[in-house]
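Observations on chain architecture
Spelled out, the chains give:
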Amino acid sequence: MSLTIIKGTILSAPAFGKLEVTENGFLIAENGKITGVFPVLPEAYAGAPVEDFGDALVLQTMADLHLHAPQYPMLGTGMDRPLLEWLDTYAFPTEARFSDPGYAREIYSRLAGELIAGGTTRVCMFSSLHREGTLILMEELEKAGVTGYVGKVNMDRNGGKNLQETTEESISETLRWLEECQDFRQIRPILTPRFIPSCTNGLMEFLGRLAKERELPAQSHLSENTGEIQLVASLHPDCRQYWECYAKYGLWNDRTIMAHCVWSDERERQAMAEAGVTAVHCADSNQNICSGVAPVRVMMQEGVKVALGSDIAGGDRLNMFDVAAASIRASKARRILDNLQTDFLTVLEAWYLATSSGAAYFGEKPGFAPGNSLHAMVLADDSLPQPHPLTPQERLERAIYLRQPSAIRALWSDGVRRF
Ligand code: GUN
Ligand code: FE
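Residues numbered from 1 in each chain as written. Chains lettered and ligands numbered in written order. Predicted model: local features only at pLDDT ≥ 70, side-chain atom pairs only at ≥ 80, totals over all residues. Heavy atoms only, no water.

**Points about the nonpolar core**
Worth spelling out the cut-off: Definition of nonpolar core: a set of buried residues of the types Ala, Val, Leu, Ile, Met, Phe, Trp, Tyr and Cys, connected through side-chain atoms within 4.5 Å. With a 1.4 Å probe rolled over the protein chains alone, any residue whose accessible area is under 20% of its type maximum counts as buried; one over 50% counts as exposed, and the rest are partly exposed. What counts as a helix is a DSSP run of H or I of at least four residues, what counts as a strand is a run of E of at least two, and both are numbered from the N terminus.
Counting 106 residues, the largest nonpolar core has Met125 and Tyr246 as its most contacted members. Per-element tally for this core: the top contributor is helix 2 (residues 101-117), with eight residues.

**A look at the pattern of salt bridges**
Operational definition: Any Lys or Arg side-chain nitrogen found within 4 Å of a carboxyl oxygen on Asp or Glu counts as a salt bridge.
All told, the structure shown has 25 salt bridges when counted by the stated rule. Note that Arg105 and Glu139 form a salt bridge whose closest N and O atoms lie 2.9 Å from each other. Remark: Glu139 occurs in helix 3 (residues 131-144) and Arg105 occurs in helix 2; sequence separation between them is 34 residues. According to the relative accessible area criterion, Arg105 is partly exposed, its value standing at 31%. Taking the relative accessible area as the measure of exposure, Glu139 reaches 35% and is therefore partly exposed. The salt bridge involving Arg267 is made with Glu244; its shortest N-O contact spans 2.9 Å. Of this pair, Arg267 sits in helix 8 (residues 266-275) while Glu244 sits in helix 7 (residues 242-247); the two residues are 23 residues apart in sequence, bridging distant segments of the chain. Each of the salt bridges in this network shares a partner with another, and the network as a whole consists of Asp55, Asp381, Arg395 and Arg398.

**Structural notes on the coordination of the iron ion (ligand 2)**
Around a metal, the perfect tetrahedron of four donors has angles of 109.5 degrees, and the perfect octahedron of six donors has angles of 90 or 180 degrees. Selection rule: Coordination partners: N, O, S within 2.8 Å of the metal, 3.2 Å for Na, K and Ca; water not considered, so apparent gaps in a site are possible. Just to be clear on the cut-offs, tetrahedral is four donors with all angles between 85 and 135 degrees, square planar is four donors and octahedral six with opposite donors over 155 degrees apart and all others between 65 and 115, and anything else goes down as irregular.
Coordination of the iron ion (ligand 2) by the protein comes from His66 (NE2), His68 (NE2), His221 (NE2) and Asp311 (OD), over a distance range of 2.0 to 2.4 Å. If you look at the iron ion (ligand 2), its four donor atoms make angles of 85 to 176° with each other, and the shape they trace is irregular.

**Details of the pairing of strand 3 (residues 33-38)**
For clarity, the cut-off: In this analysis, strands are considered paired if DSSP registers two or more bridges between them.
Where strand 2 (residues 20-30) and strand 3 come together, five bridges link them in antiparallel fashion. Residue pairing in the sheet places Ile28 in a bridge with Gly36 of strand 3.

**Considering the site of ligand 1**
Worth spelling out the cut-off: Here, proximity means that at least one heavy atom of the residue falls within 4 Å of the molecule or strand. N or O atoms within 3.5 Å of each other form a polar contact, as long as, within protein, one can give a hydrogen and the other can take it, and as long as residues adjacent in sequence are counted only when both atoms are side-chain atoms. Exposure was quantified through the Shrake-Rupley algorithm and a 1.4 Å probe, taking into account, for residues, occlusion by the shown protein chains and nothing else. In this count, Pro and Cys sit with the nonpolar residues alongside Ala, Val, Leu, Ile, Met, Phe, Trp and Tyr, while Asp, Glu, Lys and Arg are called charged and the others, Gly among them, polar.
As a matter of local geometry, ligand 1 sits amid 13 residues, with His68, Gln71, Arg194, Glu224 and Asp311 nearest to it. Contact distances for ligand 1 include 3.5 Å between an oxygen atom and a side-chain N or O atom of His68. A distance of 2.8 Å separates an oxygen atom of ligand 1 from a polar atom in the side chain of Gln71. When ligand 1 sits alone it has 280 Å² of accessible area, and the protein chains cover 100% of it. Class assignment for the residues of the shell around ligand 1 results in five nonpolar, five polar and three charged.

**Let's talk about the sheet that holds strand 9 (residues 187-189)**
To keep things clear, this is the line we draw: All axes are obtained by fitting lines to C-alpha atoms, using only the stretch in contact for helices, and the reported angles, taken between N-to-C directions, cover 0 to 180 degrees.
Taken in spatial order, the four strands make up an open sheet running 5-6-7-9, and their pairing is parallel. This sheet does not close on itself; its edge strands, each paired only once, are strand 5 (62-68) and strand 9. In this sheet, neighbouring strand axes are inclined to one another by 25° on average, regardless of whether the strands run parallel or antiparallel. Direction of pairing for strand 7 (residues 147-151) relative to strand 9: parallel, over a ladder of three bridges. Counted as the bridge partner of Tyr149 is Arg188 from strand 9.

**Some words on the pairing of strand 4 (residues 51-60)**
Bridging between strand 1 (residues 3-12) and strand 4 involves four bridges; their strand directions are parallel. Paired with Lys7 across the bridge in strand 4 is Asp52. For strand 4 and strand 15 (residues 376-379), the ladder comprises four bridges, and the chain directions are antiparallel. Paired with Leu59 across the bridge in strand 15 is Met377.

**Thoughts on the environment of Glu139**
How we decide: By the convention used here, residues are in contact when the closest approach between their heavy atoms is within 4.5 Å.
Taking the C-alpha atoms as reference points, Glu139 and Gln404, separated by 265 residues in sequence, lie 31 Å from one another. Apart from the residues lying within four places of it in its own chain, the contact partners of Glu139 are Arg105 and Phe184.

**Quick notes on unusual backbone geometry**
In this structure, Ala313 follows Ile312 across a cis peptide bond, with omega equal to 10°. Here Ala313 shows up in the loop between strand 14 (305-308) and helix 11 (320-337). With a phi angle near 60°, Asn158 is a residue other than glycine that sits in the positive phi range. Along the chain, the position of Asn158 falls in the loop between strand 8 (153-154) and helix 4 (167-180). Its identity is not glycine, yet Ser406 carries a phi of approximately 50°, on the positive side. Note that Ser406 resides in the loop between helix 13 (392-401) and strand 16 (408-413).

Now the structure itself:
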(Lines give C-alpha, C1' and ligand atoms only; values in the text may rest on other atoms or scores of the structure.)
(Ligands and ions follow the chains in the order given, each with its own letter.)
Protein backbone atom coordinates (compact mmCIF):
# COMPACT_ATOMS: atom_id res chain seq x y z
CA MET A 1 0.00 0.00 0.00
CA SER A 2 1.28 3.48 -0.77
CA LEU A 3 0.53 6.33 1.58
CA THR A 4 0.91 10.07 0.87
CA ILE A 5 0.49 12.73 3.56
CA ILE A 6 0.90 16.34 2.44
CA LYS A 7 0.94 19.15 5.01
CA GLY A 8 0.29 22.82 4.23
CA THR A 9 -2.47 25.40 3.79
CA ILE A 10 -4.93 23.25 1.91
CA LEU A 11 -7.41 25.01 -0.41
CA SER A 12 -10.06 23.36 -2.56
CA ALA A 13 -13.14 24.27 -4.61
CA PRO A 14 -16.06 22.21 -3.24
CA ALA A 15 -18.71 24.15 -5.22
CA PHE A 16 -19.03 27.02 -7.71
CA GLY A 17 -17.78 30.13 -5.89
CA LYS A 18 -16.94 28.29 -2.65
CA LEU A 19 -13.56 27.91 -0.95
CA GLU A 20 -12.61 25.26 1.58
CA VAL A 21 -9.61 26.19 3.73
CA THR A 22 -7.68 23.94 6.11
CA GLU A 23 -4.68 25.78 7.53
CA ASN A 24 -1.83 23.55 8.71
CA GLY A 25 -3.90 20.69 7.38
CA PHE A 26 -3.14 17.18 6.15
CA LEU A 27 -4.15 15.91 2.72
CA ILE A 28 -4.01 12.12 2.83
CA ALA A 29 -4.11 9.64 -0.05
CA GLU A 30 -3.80 5.87 -0.03
CA ASN A 31 -2.92 3.98 -3.20
CA GLY A 32 -3.36 7.21 -5.14
CA LYS A 33 -6.92 7.84 -3.93
CA ILE A 34 -7.79 10.67 -1.56
CA THR A 35 -8.77 9.61 1.95
CA GLY A 36 -9.57 13.13 3.08
CA VAL A 37 -8.37 16.51 4.32
CA PHE A 38 -7.84 16.71 8.09
CA PRO A 39 -7.09 19.67 10.41
CA VAL A 40 -5.21 17.27 12.73
CA LEU A 41 -3.35 14.10 11.75
CA PRO A 42 -5.71 11.20 12.54
CA GLU A 43 -4.50 8.72 15.14
CA ALA A 44 -4.36 5.92 12.55
CA TYR A 45 -1.52 7.74 10.76
CA ALA A 46 0.58 8.61 13.83
CA GLY A 47 4.24 8.06 13.03
CA ALA A 48 3.68 7.89 9.25
CA PRO A 49 5.97 10.07 7.11
CA VAL A 50 4.53 13.56 6.44
CA GLU A 51 5.71 15.80 3.60
CA ASP A 52 5.57 19.17 5.32
CA PHE A 53 5.42 22.19 3.00
CA GLY A 54 5.13 24.69 5.84
CA ASP A 55 2.98 27.66 4.95
CA ALA A 56 2.79 26.90 1.21
CA LEU A 57 -0.60 26.44 -0.50
CA VAL A 58 -1.74 22.93 -1.38
CA LEU A 59 -4.13 23.18 -4.33
CA GLN A 60 -6.02 20.98 -6.76
CA THR A 61 -4.26 20.79 -10.11
CA MET A 62 -5.78 22.33 -13.25
CA ALA A 63 -7.83 20.78 -16.05
CA ASP A 64 -7.42 22.16 -19.58
CA LEU A 65 -10.41 20.90 -21.52
CA HIS A 66 -9.53 22.33 -24.91
CA LEU A 67 -6.16 22.79 -26.59
CA HIS A 68 -4.41 21.97 -29.87
CA ALA A 69 -1.08 20.22 -29.27
CA PRO A 70 0.28 20.72 -32.83
CA GLN A 71 -0.29 24.49 -32.54
CA TYR A 72 2.20 24.71 -29.65
CA PRO A 73 5.08 25.78 -31.95
CA MET A 74 3.10 28.85 -33.12
CA LEU A 75 2.21 29.99 -29.58
CA GLY A 76 2.21 33.79 -29.38
CA THR A 77 2.20 34.39 -33.13
CA GLY A 78 -0.36 34.94 -35.88
CA MET A 79 -3.04 36.89 -34.06
CA ASP A 80 -4.12 39.12 -36.94
CA ARG A 81 -6.78 37.13 -38.80
CA PRO A 82 -10.34 36.01 -38.06
CA LEU A 83 -10.91 32.28 -37.49
CA LEU A 84 -11.35 30.84 -41.00
CA GLU A 85 -8.45 32.86 -42.44
CA TRP A 86 -6.38 32.18 -39.33
CA LEU A 87 -6.83 28.43 -39.82
CA ASP A 88 -5.73 28.56 -43.48
CA THR A 89 -2.88 31.01 -42.93
CA TYR A 90 -1.34 29.82 -39.66
CA ALA A 91 -2.89 26.81 -37.96
CA PHE A 92 -3.12 24.36 -40.87
CA PRO A 93 0.45 24.88 -42.16
CA THR A 94 1.76 24.55 -38.58
CA GLU A 95 -0.14 21.30 -38.03
CA ALA A 96 0.98 19.89 -41.40
CA ARG A 97 4.55 19.60 -40.04
CA PHE A 98 3.41 16.86 -37.67
CA SER A 99 3.59 14.33 -40.49
CA ASP A 100 7.22 14.15 -39.31
CA PRO A 101 7.44 11.82 -36.26
CA GLY A 102 10.79 13.24 -35.12
CA TYR A 103 9.40 16.75 -35.04
CA ALA A 104 6.27 15.52 -33.25
CA ARG A 105 8.41 13.81 -30.58
CA GLU A 106 10.49 16.93 -29.94
CA ILE A 107 7.54 19.34 -29.71
CA TYR A 108 5.20 17.06 -27.79
CA SER A 109 7.75 16.16 -25.12
CA ARG A 110 8.25 19.89 -24.49
CA LEU A 111 4.51 20.51 -24.38
CA ALA A 112 3.92 17.67 -21.91
CA GLY A 113 6.72 18.96 -19.67
CA GLU A 114 5.35 22.49 -19.70
CA LEU A 115 1.84 21.30 -18.83
CA ILE A 116 3.04 19.41 -15.75
CA ALA A 117 5.42 22.19 -14.66
CA GLY A 118 2.50 24.65 -14.85
CA GLY A 119 0.13 22.53 -12.76
CA THR A 120 -2.09 21.04 -15.49
CA THR A 121 -2.61 17.29 -15.00
CA ARG A 122 -5.86 16.72 -16.91
CA VAL A 123 -6.50 17.55 -20.55
CA CYS A 124 -8.90 17.09 -23.45
CA MET A 125 -6.64 17.69 -26.38
CA PHE A 126 -6.71 17.86 -30.17
CA SER A 127 -3.79 16.29 -31.98
CA SER A 128 -3.43 16.72 -35.75
CA LEU A 129 -4.87 14.34 -38.35
CA HIS A 130 -1.65 12.29 -38.29
CA ARG A 131 -2.04 8.86 -36.66
CA GLU A 132 1.61 8.36 -35.84
CA GLY A 133 2.03 11.86 -34.43
CA THR A 134 -1.07 11.32 -32.30
CA LEU A 135 0.35 8.13 -30.80
CA ILE A 136 3.60 10.00 -30.04
CA LEU A 137 1.57 12.74 -28.33
CA MET A 138 -0.25 10.18 -26.19
CA GLU A 139 3.06 8.56 -25.26
CA GLU A 140 4.74 11.82 -24.28
CA LEU A 141 1.77 12.96 -22.19
CA GLU A 142 1.59 9.65 -20.36
CA LYS A 143 5.34 9.68 -19.75
CA ALA A 144 5.16 13.17 -18.22
CA GLY A 145 2.15 12.31 -16.04
CA VAL A 146 -0.59 14.17 -17.90
CA THR A 147 -3.94 12.33 -17.85
CA GLY A 148 -7.10 12.65 -19.96
CA TYR A 149 -8.19 12.42 -23.58
CA VAL A 150 -6.44 12.95 -26.90
CA GLY A 151 -8.07 12.90 -30.33
CA LYS A 152 -6.66 12.17 -33.74
CA VAL A 153 -8.32 14.95 -35.72
CA ASN A 154 -10.68 14.01 -38.55
CA MET A 155 -10.77 16.40 -41.52
CA ASP A 156 -11.71 15.34 -45.02
CA ARG A 157 -12.54 18.74 -46.52
CA ASN A 158 -11.41 22.39 -46.48
CA GLY A 159 -7.94 21.62 -45.12
CA GLY A 160 -6.07 22.67 -48.24
CA LYS A 161 -3.28 20.75 -49.92
CA ASN A 162 -1.22 19.61 -46.94
CA LEU A 163 -3.73 18.94 -44.19
CA GLN A 164 -6.53 16.84 -45.52
CA GLU A 165 -7.49 13.18 -45.65
CA THR A 166 -9.85 11.43 -48.02
CA THR A 167 -12.95 10.10 -46.27
CA GLU A 168 -11.60 6.55 -46.65
CA GLU A 169 -8.22 7.51 -45.17
CA SER A 170 -9.85 9.32 -42.29
CA ILE A 171 -11.93 6.24 -41.47
CA SER A 172 -9.14 3.69 -41.81
CA GLU A 173 -6.58 5.80 -39.95
CA THR A 174 -9.05 6.39 -37.11
CA LEU A 175 -9.74 2.66 -36.77
CA ARG A 176 -6.02 1.88 -36.83
CA TRP A 177 -5.29 4.60 -34.27
CA LEU A 178 -7.92 3.13 -31.94
CA GLU A 179 -6.30 -0.30 -32.32
CA GLU A 180 -2.84 1.08 -31.62
CA CYS A 181 -3.64 3.16 -28.57
CA GLN A 182 -5.24 0.42 -26.52
CA ASP A 183 -2.32 0.03 -24.11
CA PHE A 184 -2.36 3.60 -22.84
CA ARG A 185 -3.76 3.91 -19.34
CA GLN A 186 -3.74 7.58 -18.37
CA ILE A 187 -4.49 8.92 -21.83
CA ARG A 188 -7.59 7.65 -23.61
CA PRO A 189 -8.91 8.30 -27.13
CA ILE A 190 -11.70 10.77 -27.91
CA LEU A 191 -13.31 11.13 -31.35
CA THR A 192 -12.41 14.51 -32.82
CA PRO A 193 -14.17 15.79 -35.93
CA ARG A 194 -12.35 19.13 -36.19
CA PHE A 195 -15.55 21.11 -36.78
CA ILE A 196 -18.43 20.88 -39.22
CA PRO A 197 -16.65 22.69 -42.13
CA SER A 198 -13.81 20.11 -41.93
CA CYS A 199 -15.93 16.94 -42.14
CA THR A 200 -18.17 15.59 -44.89
CA ASN A 201 -21.54 14.10 -44.01
CA GLY A 202 -20.22 10.62 -44.77
CA LEU A 203 -17.37 11.04 -42.29
CA MET A 204 -19.72 12.44 -39.64
CA GLU A 205 -22.02 9.45 -40.10
CA PHE A 206 -19.09 7.09 -39.57
CA LEU A 207 -17.93 8.93 -36.43
CA GLY A 208 -21.43 8.98 -34.96
CA ARG A 209 -21.76 5.23 -35.50
CA LEU A 210 -18.30 4.57 -34.05
CA ALA A 211 -19.05 6.68 -30.96
CA LYS A 212 -22.16 4.62 -30.32
CA GLU A 213 -20.67 1.19 -31.06
CA ARG A 214 -17.54 1.69 -28.96
CA GLU A 215 -18.99 4.07 -26.38
CA LEU A 216 -16.41 6.74 -27.19
CA PRO A 217 -16.64 10.39 -26.16
CA ALA A 218 -16.36 13.18 -28.74
CA GLN A 219 -14.99 16.72 -28.86
CA SER A 220 -15.32 19.51 -31.39
CA HIS A 221 -15.91 23.26 -31.87
CA LEU A 222 -19.25 25.07 -31.71
CA SER A 223 -20.44 28.60 -32.55
CA GLU A 224 -17.04 30.22 -32.17
CA ASN A 225 -17.19 32.86 -34.87
CA THR A 226 -19.92 34.45 -37.01
CA GLY A 227 -18.23 33.63 -40.34
CA GLU A 228 -17.93 30.01 -39.27
CA ILE A 229 -21.60 29.88 -38.24
CA GLN A 230 -22.68 31.20 -41.66
CA LEU A 231 -20.53 28.60 -43.41
CA VAL A 232 -22.03 25.81 -41.30
CA ALA A 233 -25.57 27.02 -42.07
CA SER A 234 -24.80 26.86 -45.80
CA LEU A 235 -23.38 23.31 -45.46
CA HIS A 236 -26.35 21.99 -43.47
CA PRO A 237 -29.47 23.89 -44.59
CA ASP A 238 -31.62 21.24 -42.88
CA CYS A 239 -30.28 22.25 -39.45
CA ARG A 240 -31.81 25.25 -37.74
CA GLN A 241 -28.76 25.75 -35.52
CA TYR A 242 -25.09 24.72 -35.48
CA TRP A 243 -25.45 22.21 -32.62
CA GLU A 244 -28.03 20.24 -34.59
CA CYS A 245 -25.31 19.25 -37.09
CA TYR A 246 -23.62 17.30 -34.27
CA ALA A 247 -26.88 16.02 -32.78
CA LYS A 248 -27.96 14.74 -36.22
CA TYR A 249 -25.03 12.30 -36.19
CA GLY A 250 -25.36 11.19 -32.56
CA LEU A 251 -22.48 13.29 -31.28
CA TRP A 252 -24.49 15.26 -28.73
CA ASN A 253 -24.59 13.72 -25.26
CA ASP A 254 -23.14 13.95 -21.76
CA ARG A 255 -19.70 12.85 -22.96
CA THR A 256 -19.57 15.54 -25.66
CA ILE A 257 -17.19 18.48 -25.31
CA MET A 258 -17.80 21.63 -27.34
CA ALA A 259 -15.20 24.38 -27.37
CA HIS A 260 -16.16 28.07 -27.40
CA CYS A 261 -19.98 28.41 -27.70
CA VAL A 262 -19.40 32.18 -27.93
CA TRP A 263 -22.49 32.82 -30.06
CA SER A 264 -24.73 30.06 -28.70
CA ASP A 265 -28.13 31.64 -28.02
CA GLU A 266 -30.61 30.58 -25.36
CA ARG A 267 -31.97 27.75 -27.50
CA GLU A 268 -28.52 26.33 -28.25
CA ARG A 269 -27.51 26.66 -24.58
CA GLN A 270 -30.72 24.89 -23.57
CA ALA A 271 -29.79 22.02 -25.90
CA MET A 272 -26.41 21.80 -24.15
CA ALA A 273 -27.96 21.83 -20.68
CA GLU A 274 -30.52 19.16 -21.61
CA ALA A 275 -28.01 16.80 -23.21
CA GLY A 276 -25.30 17.37 -20.55
CA VAL A 277 -22.79 18.64 -23.10
CA THR A 278 -19.73 20.36 -21.58
CA ALA A 279 -19.04 23.83 -23.01
CA VAL A 280 -15.38 24.83 -22.85
CA HIS A 281 -14.79 28.52 -22.45
CA CYS A 282 -11.55 29.74 -24.07
CA ALA A 283 -11.37 33.43 -23.21
CA ASP A 284 -7.86 34.20 -24.49
CA SER A 285 -8.49 32.59 -27.85
CA ASN A 286 -11.86 34.27 -28.29
CA GLN A 287 -10.22 37.64 -27.80
CA ASN A 288 -7.05 36.96 -29.81
CA ILE A 289 -8.86 35.93 -32.97
CA CYS A 290 -11.70 38.42 -32.42
CA SER A 291 -14.38 35.74 -32.06
CA GLY A 292 -16.39 37.43 -29.33
CA VAL A 293 -17.09 37.37 -25.59
CA ALA A 294 -18.93 34.26 -24.42
CA PRO A 295 -21.70 34.74 -21.81
CA VAL A 296 -20.01 32.26 -19.51
CA ARG A 297 -21.81 33.15 -16.29
CA VAL A 298 -25.22 33.07 -17.98
CA MET A 299 -24.39 29.56 -19.24
CA MET A 300 -23.67 28.47 -15.68
CA GLN A 301 -26.92 29.98 -14.44
CA GLU A 302 -28.82 28.12 -17.15
CA GLY A 303 -27.38 24.80 -16.01
CA VAL A 304 -24.82 24.25 -18.76
CA LYS A 305 -21.70 22.37 -17.67
CA VAL A 306 -18.77 24.75 -18.23
CA ALA A 307 -15.01 24.17 -18.04
CA LEU A 308 -12.01 26.21 -19.20
CA GLY A 309 -9.57 25.70 -22.05
CA SER A 310 -6.32 27.37 -23.06
CA ASP A 311 -7.11 26.65 -26.73
CA ILE A 312 -3.47 27.17 -27.62
CA ALA A 313 -2.50 28.56 -30.04
CA GLY A 314 -5.59 30.70 -30.59
CA GLY A 315 -5.00 31.24 -26.90
CA ASP A 316 -1.52 32.58 -26.11
CA ARG A 317 -1.27 31.09 -22.58
CA LEU A 318 -0.84 27.43 -21.76
CA ASN A 319 -0.87 28.13 -18.03
CA MET A 320 -4.34 27.58 -16.57
CA PHE A 321 -3.88 30.15 -13.78
CA ASP A 322 -3.53 32.70 -16.61
CA VAL A 323 -6.51 31.19 -18.42
CA ALA A 324 -8.65 31.50 -15.27
CA ALA A 325 -7.64 35.17 -14.95
CA ALA A 326 -8.50 35.70 -18.63
CA SER A 327 -11.96 34.21 -18.07
CA ILE A 328 -12.57 36.71 -15.27
CA ARG A 329 -11.49 39.61 -17.49
CA ALA A 330 -13.69 38.31 -20.33
CA SER A 331 -16.68 38.07 -18.00
CA LYS A 332 -16.15 41.72 -17.06
CA ALA A 333 -16.05 42.69 -20.74
CA ARG A 334 -19.31 40.71 -21.14
CA ARG A 335 -20.81 42.65 -18.22
CA ILE A 336 -19.84 45.97 -19.83
CA LEU A 337 -21.32 44.87 -23.18
CA ASP A 338 -24.49 43.81 -21.31
CA ASN A 339 -24.93 47.31 -19.82
CA LEU A 340 -23.90 45.98 -16.41
CA GLN A 341 -26.93 43.67 -16.39
CA THR A 342 -24.92 40.42 -16.09
CA ASP A 343 -22.51 39.37 -13.34
CA PHE A 344 -18.81 38.80 -13.84
CA LEU A 345 -17.03 35.65 -12.63
CA THR A 346 -15.48 35.94 -9.20
CA VAL A 347 -11.98 34.58 -8.63
CA LEU A 348 -13.40 31.59 -6.75
CA GLU A 349 -15.87 30.89 -9.57
CA ALA A 350 -13.20 30.97 -12.28
CA TRP A 351 -10.94 28.79 -10.14
CA TYR A 352 -13.76 26.25 -9.69
CA LEU A 353 -14.18 26.12 -13.49
CA ALA A 354 -10.43 25.51 -13.96
CA THR A 355 -10.27 22.76 -11.32
CA SER A 356 -13.36 20.91 -10.03
CA SER A 357 -15.53 21.64 -13.05
CA GLY A 358 -12.92 20.31 -15.47
CA ALA A 359 -12.27 17.29 -13.24
CA ALA A 360 -16.01 16.51 -13.25
CA TYR A 361 -15.71 15.50 -16.90
CA PHE A 362 -13.42 12.69 -15.70
CA GLY A 363 -15.99 11.51 -13.18
CA GLU A 364 -14.44 13.19 -10.13
CA LYS A 365 -16.31 14.83 -7.28
CA PRO A 366 -15.55 18.52 -6.52
CA GLY A 367 -12.55 19.53 -4.43
CA PHE A 368 -10.33 17.04 -2.61
CA ALA A 369 -13.29 14.68 -2.12
CA PRO A 370 -12.57 11.25 -0.63
CA GLY A 371 -12.27 8.71 -3.44
CA ASN A 372 -10.94 11.18 -6.02
CA SER A 373 -7.55 10.32 -7.44
CA LEU A 374 -4.80 12.49 -6.01
CA HIS A 375 -4.19 15.48 -8.31
CA ALA A 376 -2.52 18.13 -6.18
CA MET A 377 0.20 20.76 -6.26
CA VAL A 378 2.14 22.83 -3.77
CA LEU A 379 2.41 26.52 -4.60
CA ALA A 380 4.84 28.84 -2.83
CA ASP A 381 4.27 32.61 -2.65
CA ASP A 382 6.92 33.49 -0.09
CA SER A 383 9.04 35.70 -2.34
CA LEU A 384 6.21 38.07 -3.32
CA PRO A 385 5.80 41.36 -1.43
CA GLN A 386 2.86 41.60 0.98
CA PRO A 387 0.60 44.67 1.35
CA HIS A 388 -0.47 43.19 4.72
CA PRO A 389 -0.70 39.61 6.01
CA LEU A 390 -2.88 37.94 3.36
CA THR A 391 -5.74 35.57 4.09
CA PRO A 392 -5.71 32.19 2.32
CA GLN A 393 -8.39 33.49 -0.06
CA GLU A 394 -6.31 36.57 -0.89
CA ARG A 395 -3.30 34.34 -1.50
CA LEU A 396 -5.33 32.23 -3.91
CA GLU A 397 -6.62 35.33 -5.69
CA ARG A 398 -3.07 36.58 -6.15
CA ALA A 399 -1.92 33.16 -7.36
CA ILE A 400 -4.50 33.32 -10.15
CA TYR A 401 -3.24 36.70 -11.33
CA LEU A 402 0.40 36.59 -10.29
CA ARG A 403 2.94 33.94 -9.38
CA GLN A 404 6.59 34.05 -8.43
CA PRO A 405 9.15 32.20 -10.61
CA SER A 406 8.97 28.41 -10.13
CA ALA A 407 6.01 28.84 -7.77
CA ILE A 408 4.91 25.22 -8.06
CA ARG A 409 7.19 23.22 -5.76
CA ALA A 410 5.66 19.75 -5.94
CA LEU A 411 2.93 18.01 -7.93
CA TRP A 412 1.03 14.72 -7.87
CA SER A 413 -0.90 13.42 -10.85
CA ASP A 414 -3.15 10.39 -10.47
CA GLY A 415 -1.48 9.57 -7.18
CA VAL A 416 2.11 9.77 -8.44
CA ARG A 417 4.51 12.52 -7.42
CA ARG A 418 5.96 14.05 -10.59
CA PHE A 419 8.35 16.62 -9.07
N1 GUN B 1 -12.14 25.61 -35.29
C2 GUN B 1 -11.68 24.59 -36.05
N3 GUN B 1 -10.37 24.40 -35.83
C4 GUN B 1 -9.99 25.28 -34.92
C5 GUN B 1 -8.74 25.57 -34.28
O6 GUN B 1 -7.71 24.94 -34.53
N7 GUN B 1 -8.74 26.57 -33.38
C8 GUN B 1 -9.86 27.27 -33.07
N9 GUN B 1 -9.79 28.24 -32.16
N10 GUN B 1 -11.02 27.04 -33.65
C11 GUN B 1 -11.09 26.05 -34.56
FE1 FE C 1 -9.86 25.04 -30.66
